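# Structure assessment
The primary structure of each chain is shown beneath.
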Amino acid sequence: MRSAARHTLPLLVPTAYPSVSFFPCSQPRRFLLPLAHGLRHPCRGASSQPAAAAAAGEYLPPLFSVAPMMDWTDNHYRTLARLISKHAWLYTEMVVAETILHQKDKLDRFLAFPAEQHPIVLQIGGSNLDNLAKATELASAYSYDEINLNCGCPSGKVAGHGCFGAQLMYDPEFVGDAMSAIAANCDVPVSVKCRIGVDDRDSYEELCEFVDKIVSKSPTRHFIIHARKALLSGLSPAENRTIPPLKYEYYYALLRDFPEVHFTLNGGITTIAQVSESIRQGAHRAMVGRAAYNNPWNMLGHVDSEIYGMPTSCSSRRQILESYQIYGDSIIGQYGITRPNVRQLVKNLATACGNVRLILHCVIAKHLNSS
């Protein structure tokens, strides 16, 4: 094991941040390997690689991704996000391994997605090795582009009663075994999403030990680092996203101390300008959560051009809404009269495309009249 105690944190910290049918998908297109170390920001003609890759039908590197969020990044939101950005990497909500096993006769409801959502990552949660392995094997039929293990959720239902999520940061040995089991049951890359620490286990040395153990025990070479620690008692999940201070210096130190690993920066990023700035300052990749959900037009609408140097895939909000209505018409009631229903389909539109009240009224009226 590397001697994490020798590492000192960088003195300079970035200051740009505030404190369509549903069937198991066919094999995804080939993922373009990440850029060479010196090519951090291939936008505006800095590199011809993104354009060449897109022309060849390959995925561009995950320079920008939308964070997995329970009750938020469902199929409907991801469809809307893909209509706005062609190249952003999308993550599912966390799906608990036991849910996959217990619902194996109804897996389409939990795991199926339109092929257009590629590139897409499945996030799973759990603390039982056998169940994680079996769940990954079942999920592999759906051809996700990566499998991610949740080691960062501070919710009492997850980290408390469920004994996984951020709770797993107490046991890097288990996480290493879990990642090895997950990798053995899929043929795509695997990754971990975690905090920089948990409770009083929050030193940089302990974070290095966590990463080092997982890297040494599994083929995991991608970590998504939420640059706050998690407090498992005394704070709500919402407070855990704002009260523990951001420590970007931990993230940038990991880039230095684990050059063989890719790290995605998460936490506190609210604008596309901050994403660009973090990449210019050396971040491998950036992940945005609620800002991409609450204001997808202003966030995702600039990803393709600002981050990837590619043409945007949309020209107007009305076109996005019209395309999304076609999607809604195609799947409403697919899993029963109320699954999904109009309310579920339109909940993510209120902030997505500006003033959409008139269009929403038309959509709802159409389905009320036809029911």
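Under an unreviewed UniProt entry, the chain has the name DUS-like FMN-binding domain-containing protein and belongs to Brachypodium distachyon. Recorded in UniProt for the chain, the comment headed Cofactor (unreviewed entry) runs: "FMN".

Quick look at the environment of A97 now. Its location among the elements puts A97 in helix 3 (residues 97–102). Using a relative accessible area of 0% as the deciding quantity, one classes A97 as buried. A97 sits 42 residues away from A139 along the chain, and the two C-alpha atoms are 9.7 Å apart.

Looking now at the sheet that holds strand 4 (residues 146–151). By definition, the strands of a sheet pair up through backbone hydrogen bonds, in either a parallel or an antiparallel sense. Reading around the circumference, 1-2-3-4-5-6-7-8 is the order of the eight strands in this closed barrel, with parallel pairing throughout. Taken pair by pair, the neighbouring strands of this sheet meet at an average axis angle of 25°, ignoring direction. Relative to strand 6 (residues 222–226), strand 5 (residues 190–195) is paired through four bridges, and the arrangement is parallel. Looking across to strand 6, one finds that K193 is bridged to I224. Strand contacts of helix 9 (residues 248–257): strand 6, strand 7 (262–266) and strand 8 (285–288), with the helix running at about 170° to strand 7, the strand carrying the most contacts.

To continue, consider the pattern of salt bridges. Pairs can form between side chains of opposite charge once their charged atoms are near each other. One pass over the full model with this rule turns up five salt bridges. In this structure, E173 and K213 form a salt bridge, with 3.4 Å as the shortest nitrogen-oxygen distance. Here E173, found in helix 7 (residues 172–184), pairs with K213, found in helix 8 (residues 204–217); they are 40 residues apart in sequence, far enough to count as distant. K229 is the partner of D202 in a salt bridge, and the nearest nitrogen-oxygen pair spans 2.9 Å. On the criterion of sequence distance, the pair formed by D202 in the loop between strand 5 and helix 8 and K229 in the loop between strand 6 and helix 9 is long-range, its members being 27 residues apart.

It is worth spelling out the packing of aromatic side chains at this point. Applying the stated rule across the entire model yields nine aromatic pairs. Judged by centre distance (5.6 Å) and plane angle (70°), the ring pair of Y204 and Y250 falls under edge-to-face. A residue pair is termed long-range when its members are at least 10 positions apart, and Y204 in helix 8 and Y250 in helix 9 qualify at 46 residues. Residues Y204 and Y250 agree in their burial class; the two are buried. Measuring from ring centre to ring centre gives 5.1 Å for Y251 and Y252, while their planes differ by 90°; the resulting arrangement is edge-to-face. Through a chain of ring-to-ring contacts, three or more aromatic side chains come together here, namely W72, Y77 and Y293. Above the ring of W72, the side-chain terminus of R290 is found at 4.7 Å from the ring centroid.

All right, on to the pairing of strand 2 (residues 89–96) then. The buried fraction of strand 2 is high, at six of eight residues. This β-α-β element, strand 1 (residues 64–66) to helix 2 (residues 75–84) to strand 2, shows right-handed connectivity. Strand direction decides the pairing type here: strand 2 and strand 3 (residues 120–125), joined by five bridges, are parallel. Looking across to strand 3, one finds that M94 is bridged to Q123.

Two elements in contact, helix 8 and helix 9, have axes whose closest approach is 11 Å; the angle formed by their N-to-C orientations is 50°. For the element pair helix 8 / helix 9, the angle class is oblique. Two packed elements cross with a definite hand, and for helix 8 against helix 9 that hand is right-handed. In this structure, helix 8 contributes Y204, L207, C208 and V211 to the contact, and helix 9 contributes Y250, A253, L254, R256 and D257. Tallied by class, residues from the contact of helix 8 with helix 9 come to seven nonpolar, no polar and two charged.

Conventions adopted
Residues numbered from 1 in each chain as written. Predicted model: local features only at pLDDT ≥ 70, side-chain atom pairs only at ≥ 80, totals over all residues. Heavy atoms only, no water. UniProt positions renumbered as here; feature names shortened; annotations may be inferred. Helix = DSSP H or I, 4+ residues; strand = E, 2+ residues; numbered from the N terminus. Buried < 20%, exposed > 50% of the residue type's maximum accessible area, 1.4 Å probe, protein only. Pairing = 2+ DSSP bridges. Axes fitted to C-alpha atoms, helices over the stretch in contact; angles between N-to-C directions. Contact = heavy atoms within 4.5 Å. Salt bridge = Lys/Arg side-chain N within 4 Å of Asp/Glu carboxyl O. Phe/Tyr/Trp six-rings, centres within 6.5 Å; stacked < 30°, edge-to-face > 60°. Lys NZ or Arg CZ within 6 Å of the ring centre and 35° of its normal. Right-handed = clockwise from strand over helix to strand, strands pointing away. Parallel < 35°, antiparallel > 145°, perpendicular 65-115°, else oblique. Left-handed = near helix turned anticlockwise from the far one by under 90°. Nonpolar A, V, L, I, M, F, W, Y, C, P; charged D, E, K, R; others polar.

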